[in-house]
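These are the residues of each chain, in order.
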Amino acid sequence: MTRGRFKLTKAERIRKSQEFQQVFKRGERINFPEFNLVFALNNLNISRMGVGVGKRFGNAVKRNRAKRLCRELFRLNKYKIPKGIDLIFLPKKAILESSWQELNGRIEEAVRKIAKRIHEKRE
RNA sequence: UUAUGGGGGUGGAUGAUCGCCUGUUGUUUUUAGCAACAGGAGGAAAGUCCGGGCUCCGCAGGGCAAGGUGGUUCGUAACACGAACCGGGGGAAACCCUAGGGAAAGUGCCACAGAAAAUAGACCGCCCCGCAAGCUGCGGGGUAAGGGUGAAAAGGUGAGGUAAGAGCUCACCAGCUACAGGGGUGACCCUGUAGGCUUGGUAAACCCCACCUGGAGCAAGACCAAAUAGGGAGACGCUUGAGGGUGGCCCGCCCGAGUCUCCGGGUAGGUUGCUUGAGGUGUCAGGUGACUGACACCCUAGAUGAAUGAUCAUCUUAAACAGAACCCGGCUUACGGCCCCCUAAGAAG
RNA sequence: CGGGACGUGGCUCAGUCUGGUAGAGCACAGCGUUCGGGACGCUGGGGUCGGAGGUUCAAAUCCUCUCGUCCCGA
């Protein structure tokens, strides 16, 4: 069971423009110093993720770096995140200066907040 | 060793754990998953400043317009690029810079200052004449040697000459034009003769001359193709009722003017274009060189919310600029550290 | 990725084509007017013309390179 635990397949990524639009339209936001999160319920039994980085963020190298960090955060902490939600990362410039430990702490905090809100919403 | 100028290379490595994309093979529960193996960013991938290939549109041929290029000869698929050479400028030198055709084809412009800024021109000065007169003043004329202005003032020096001067005349020098001879494929260089004595700058102002350029771009283009709306053709039907609802079915009842099939275009979306190419590496040959030819070997990213990463450890500390998006050839710009070669000058030995 | 426009005082813009003086409005400061303020009138300060190089006697203006901002095209 633990074999595919840390994988990140194509099905687990938000890939269409319409799906992004839906999440932004219906989702909720949580903000942190290093990144903002937008999440919404989907009707699937898995969670999916996407990253949004604008041109203002920096050059191509910086944008790529930010996306890769976000993907790693999702991939390594996926098993903690409740199933059935779409999650979009909007990284800020501070993410490039943050250490891995800081980001890991931040994502755990985020997961707790999301779980709480999802719980309230379902009741 | 220090320092100057030029050229070239390198562009983190190793290990562990967890992942991503593509291809091939195998397998299964076959629009997909799993396993194994192989491959997976740059010298600038960047800026998009040029040149091509490749697509679609246009096109008998020629001219105009518009834009670009601008020493010569080579190189190249082509270029605004490169090489060698010529001319000019800078430097003590190695070496560097150079949009470098034409200003006697024409037009325009040259602010301020200055008398005058391009058919030259008399403010002061110098000289002559006339009138008045004590020093001198006024008027007419000659004069570009001197002063002053300016970025720029119409050859320079010397002698003759003159009322004073002036290429007005002469010598030398600089420069121009024409001709002749020689060298070079050529730009151009060298030598000689003659001429008039002399012609400002600006063409990255209009322009003239020579040469080049059809327009768009992979979001090009091609193919497959939901839903909705609409187009064309055919069939059935419009109170003698097609079709639909109710219902297990028929009758009945209710609604009722359209319904069904096919074709073509085509949006969302998908597939393709998509990587074997003016390709690399090596040897030999030709050429001063850019480059070219022959032979052998190699296959080296192809994503699409967009892969090549994350964490830890060691290397003294791992760090610069920076990420393919149809593909090549250049140019330009950014860049930490390290290494190599050539070179001028100085110091020491 | 491709195509196009714009950078001038603190702000909004002229001037660039056709090269020699950088100008207007608002804002700011001072004075006048008023018992005081506003409005009004007069006066004044403030600009590396995004940056670098070139052409020219001379560049905001012409040429080349570069930086930044904005717009358009699935």
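Treat the numbers as computed from the prediction; the structure is a model and nothing was measured. (Residues numbered from 1 in each chain as written. Chains lettered and ligands numbered in written order. Predicted model: local features only at pLDDT ≥ 70, side-chain atom pairs only at ≥ 80, totals over all residues. Heavy atoms only, no water.)

Describing the overall build of chain A
Next, step 1: In terms of helices and strands, chain A carries 3 helices and 4 strands.
Next, step 2: In terms of C-alpha radius of gyration, chain A reaches 14 Å, essentially the compact-globule figure of 14 Å for 123 residues.
Next, step 3: Across its three principal axes, chain A shows a C-alpha extent of roughly 40 × 30 × 25 Å.
Next, step 4: Counting only residues that meet the buried cut, chain A has 37% of its 123 residues in that class.
Next, step 5: Put simply, of all contacts in chain A between residues at least 6 apart along the chain, 82% involve residues at least 24 apart.
Next, step 6: Summed over its atoms, the accessible surface of chain A is roughly 8100 Å², and 47% of this surface lies on carbon and sulfur atoms.
Next, step 7: With 32 positive and 12 negative side-chain charges, chain A shows a separation of 7 Å between the mean positions of the two kinds. (Helix = DSSP H or I, 4+ residues; strand = E, 2+ residues; numbered from the N terminus. Rg over C-alpha atoms; globule rule 2.2 N^0.38 Å. Buried < 20%, exposed > 50% of the residue type's maximum accessible area, 1.4 Å probe, protein only. Contact = heavy atoms within 4.5 Å. Areas by Shrake-Rupley, 256 points an atom, 1.4 Å probe, with all protein chains shown as cover. Lys, Arg positive; Asp, Glu negative; His and termini not counted. Charge placed at Lys NZ, Arg CZ, Asp CG, Glu CD.)

Regarding the protein's contact with RNA strand B
Next, step 1: What surrounds RNA strand B is a group of 24 residues, the closest being I14, N64, R65, R68 and R75.
Next, step 2: When atoms of RNA strand B within 4 Å of the protein are sorted by moiety, sugar and phosphate together comprise 67%.
Next, step 3: Here A60 contributes a backbone N or O atom positioned 3.4 Å from a phosphate oxygen of RNA strand B.
Next, step 4: Looking at the surface near RNA strand B, the elements with two or more residues in it are α1 (17-26), α2 (60-76) and α3 (100-122).
Next, step 5: With 9 residues, α2 is the largest single contributor of residues to the surface near RNA strand B.
Next, step 6: Broken down by class, the residue content of the surface near RNA strand B amounts to 9 nonpolar, 5 polar and 10 charged. (Near = heavy atom within 4 Å. Polar contact = N/O pair within 3.5 Å; in protein donor to acceptor, adjacent residues only side chain to side chain. Nonpolar A, V, L, I, M, F, W, Y, C, P; charged D, E, K, R; others polar.)

Considering the packing of α2 against α3
Next, step 1: Contact geometry for α2 and α3: axes closest at 11 Å, N-to-C directions at 55°. Looking at the two axes, α2 sits oblique to α3. In this structure, α2 crosses over α3, and the sense of that crossing is right-handed. Across the interface between the two elements, L69, E72, L73 and L76 of α2 pack against W100, L103, N104 and I107 of α3.
Next, step 2: Residues that form the contact of α2 with α3 fall into these classes: 6 nonpolar, 1 polar and 1 charged. (Axes fitted to C-alpha atoms, helices over the stretch in contact; angles between N-to-C directions. Parallel < 35°, antiparallel > 145°, perpendicular 65-115°, else oblique. Left-handed = near helix turned anticlockwise from the far one by under 90°.)

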